[in-house]
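Working through the structure, step by step
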Amino acid sequence: MDYVIEMVDITKKFPGVIANDKVNFKLKKGEIHALLGENGAGKSTLMSVLFGLYQPDGGKIKVYGEEVKINNPNDANELNIGMVHQHFKLVHNFTVAENIVLGMEDTKNGFISMKDSIKKINDLSKKYGLKVEANSIIEDISVGMQQRVEILKMLYRDADILIFDEPTAVLTPQEIEELMDIMRQFAKEGKSIVLITHKLREIKAVAERCTVLRKGKYIDTVEVKDTSMEEMAEMMVGRKVLFDIEKQENEINDTILTVEKLNVRDLINNKLLVKDVSFEVKEGEILAVAGIEGNGQTQLVEAITGLRKIDSGKVWFKDKDITHAPVREKTLQGIAHIPEDRHKYGLVLDFTLEENLILQDYFKPQFQNYGFLNFPEIHKHAEELIENYDIRSGKGRLTLTRSISGGNQQKAIIARELSRDNSLVIAVQPTRGLDVGAIEYIRKSLLQKRKENKAVLLLSLELDDVMNLADRIVVMYEGEIVANVMAEDTNENKLGLYMAGSKRGDGYEKN
């Protein structure tokens, strides 16, 4: 059989780690082929080699049967290979059209001419249902829209081998379904697609074959229709994985957090983003806030944690008014925060792993003495967390944080926050970008906090997280709470109706 891509015995080494160890991968014309593996298994590295971002230390690549050398992404584009990266490669203060044509601009008499380019962008956009406004500035559009721009960048360059790296990590359920339909349309037209993911449901929904990597090594390539999710998970992790974790009955005690008539405005256009929101979180309880992205959940958490100014209303923690308390004071009082944006609010990317693991505590007696850091204690603390939370990196505690995989960056934040002595854990998208093994571990860790009589405020777009973990669920729609229900009294369909704004819970009727 002829393959459009053959990667044979690909080896790629980084200091302290072999990211790809003699990996083989073959892609057929017109297929959607999933590349599955844990965080740090070498999936993105392998595809970055194919796209010319990295040079392999061994092995060979064939495109349409011909052996090729791909020195950089321009070479990949010449071979009609395109890639949508997990963290988008966009210039935020350029327009949509400027980002799409970047490096391939039409010029007339030395001036850039956008007229024909915009026509081609609009034609592609219409053909594939990728609705974008060509003149919008990137920083003004949603994450889902930015991903469409990345897809149009590939199509604009006439790519017919398309690599999607964790494309659904930042999308709503509706946007995921749209993306799956677009992929199916591409495959029907004869384009070949590599889908890098660790979401097994998506693989079952859209892929024909699946190649599994584990710790940099090739494990197997299987037919998706003949392989169960449980079998794929076991190949990926190397052991059986629990998809549904049993949640024990738990005693719910005193109220830890009270949010009272909270209002938060957008500072630019003065629009109310959080409207009159009130709820309580109690000891021994996991309260989940569900909702489609962009309905005020982000601003609600930023207001509670001190990252955003509150317009009106009160926040009480253990009967103390913390509405306008500084972030550090809230942290020291016993609030842990796993933020939504790990790069912006969770980590200092140019610090080492060990430095990031003490960001909340470096000034405490355990880690310093008369202003001098206690390095032996810092080393020991980092080693313990790296082992307990299975944080994988090339140089252990001395690894620069920006060089480890997104999933392992997330594990580092979770390790730092959950290992501290806290009464309340605010966890925003804690499983975003994690593989099934890590998701299982995070869920168990949050349930352990609940068992220890701690309170957990969980915000997640993943209804699996909400239904698996929550004792009680509040749903936000357009900045308001439209439902407050016990988890056992609802299901994903009912939650979906609340989230879409087509239904309201008892006591939440619109005036």
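Description of the structure in this document. Source: prediction; values computed, not measured.

Calculation notes
- Residues numbered from 1 in each chain as written.
- Predicted model: local features only at pLDDT ≥ 70, side-chain atom pairs only at ≥ 80, totals over all residues.
- Heavy atoms only, no water.
- Pairing = 2+ DSSP bridges.
- Helix = DSSP H or I, 4+ residues; strand = E, 2+ residues; numbered from the N terminus.
- Axes fitted to C-alpha atoms, helices over the stretch in contact; angles between N-to-C directions.
- Contact = heavy atoms within 4.5 Å.
- Buried < 20%, exposed > 50% of the residue type's maximum accessible area, 1.4 Å probe, protein only.
- Polar contact = N/O pair within 3.5 Å; in protein donor to acceptor, adjacent residues only side chain to side chain.
- Salt bridge = Lys/Arg side-chain N within 4 Å of Asp/Glu carboxyl O.
- Expected span 1.5 Å × (residues − 1).
- Parallel < 35°, antiparallel > 145°, perpendicular 65-115°, else oblique.
- Left-handed = near helix turned anticlockwise from the far one by under 90°.
- Nonpolar A, V, L, I, M, F, W, Y, C, P; charged D, E, K, R; others polar.
- Patch = residues over 30% accessible without salt bridge, like charges linked within 9 Å, V, L, I, M, F, W, Y side chains within 5 Å.
- Areas by Shrake-Rupley, 256 points an atom, 1.4 Å probe, with all protein chains shown as cover.
- Phe/Tyr/Trp six-rings, centres within 6.5 Å; stacked < 30°, edge-to-face > 60°.

1. Focus: the sheet that holds strand β4 (residues 58-63)
Ordered by their spatial adjacency, 4 strands build an open sheet running β2-β1-β4-β5, and the pairing between neighbours is antiparallel. The two strands at the open ends of the sheet, each matched to only one other strand, are β2 (17-27) and β5 (66-68). The average undirected angle you get between the axes of adjacent strands in this sheet is 30°. Judged from the 3 bridges that link them, β4 and β5 form a sheet pairing that is antiparallel. Note that in β5 the partner of Ile-61 across the bridge is Val-68. Against the sheet, helix α1 (residues 43-50) makes contact with β1 (5-14), β2 and β4, and its axis sits at roughly 115° relative to β1, the strand it touches most.

2. Concerning the side chain of Gln-297
When you line up the elements, Gln-297 lands in helix α9 (residues 297-305). On the basis of relative accessible area, Gln-297 is assigned to the buried category, the value being 8%. Side-chain polar atoms of Gln-297 contact the backbone nitrogen of Asn-295, separated by 3.0 Å. Apart from the residues within four sequence positions on either side, Gln-297 is in contact with Val-289, Ala-290, Gly-291, Ile-292, Leu-459, Leu-461 and Met-476.

3. Considerations on the pattern of salt bridges
Counted by the stated rule, this structure contains 31 salt bridges. Between Arg-239 and Glu-440 there is a salt bridge, and its shortest N-O distance comes to 2.9 Å. Remark: Glu-440 occurs in helix α15 (residues 436-451) and Arg-239 occurs in the loop between α8 (229-237) and β13 (255-265); sequence separation between them is 201 residues. Residue classification places Arg-239 among the partly exposed residues on the basis of a relative accessible area of 37%.

4. What to know about helix α5 (residues 143-156)
For α5, which comprises 14 residues, the first-to-last C-alpha distance of 20 Å matches the rise-based estimate of 20 Å (1.5 Å per residue) to within 8%. Among all positions of α5, only Gly-144, Gln-146, Gln-147, Arg-148, Val-149, Glu-150, Ile-151, Leu-152, Lys-153, Met-154, Leu-155 and Tyr-156 are buried. Downstream of α5 by one or two residues, Asp-158 has phi in the positive range, about 60°.

5. Concerning the packing of helix α14 (residues 406-418) against α15
Running from N to C, α14 and α15 cross one another at 15°; their axes reach a closest spacing of 12 Å. With respect to α15, the axis of α14 lies roughly parallel. When you trace α14 past α15, the crossing you get is left-handed. Across from Lys-411, Ile-414 and Leu-418 in α14, the residues of α15 making contact are Ala-438, Ile-442, Ser-445, Leu-446 and Lys-449. A per-class count over the contact of α14 with α15 returns 5 nonpolar, 1 polar and 2 charged.

6. Thoughts on a nonpolar patch on the surface
The grouping of Leu-307, Val-327 and Tyr-345 at the surface amounts to a nonpolar patch, some 240 Å² of accessible area in total. Residue placement: Tyr-345 occurs in helix α11 (residues 342-346).

7. A look at the packing of aromatic side chains
In the structure shown here, the tally under the stated rule is 4 aromatic pairs. When the ring of Tyr-362 is compared with that of Phe-363, the centres are 5.2 Å apart and the planes differ by 85°; the resulting orientation is edge-to-face. A relative accessible area of 36% means that Tyr-362 is categorised as partly exposed. Residue Phe-363 is classed as partly exposed on the basis of its relative accessible area of 23%. Residues Tyr-389 and Tyr-441 carry aromatic rings whose centres are separated by 5.6 Å and whose planes lie at 75° to one another, so their mutual orientation is edge-to-face.

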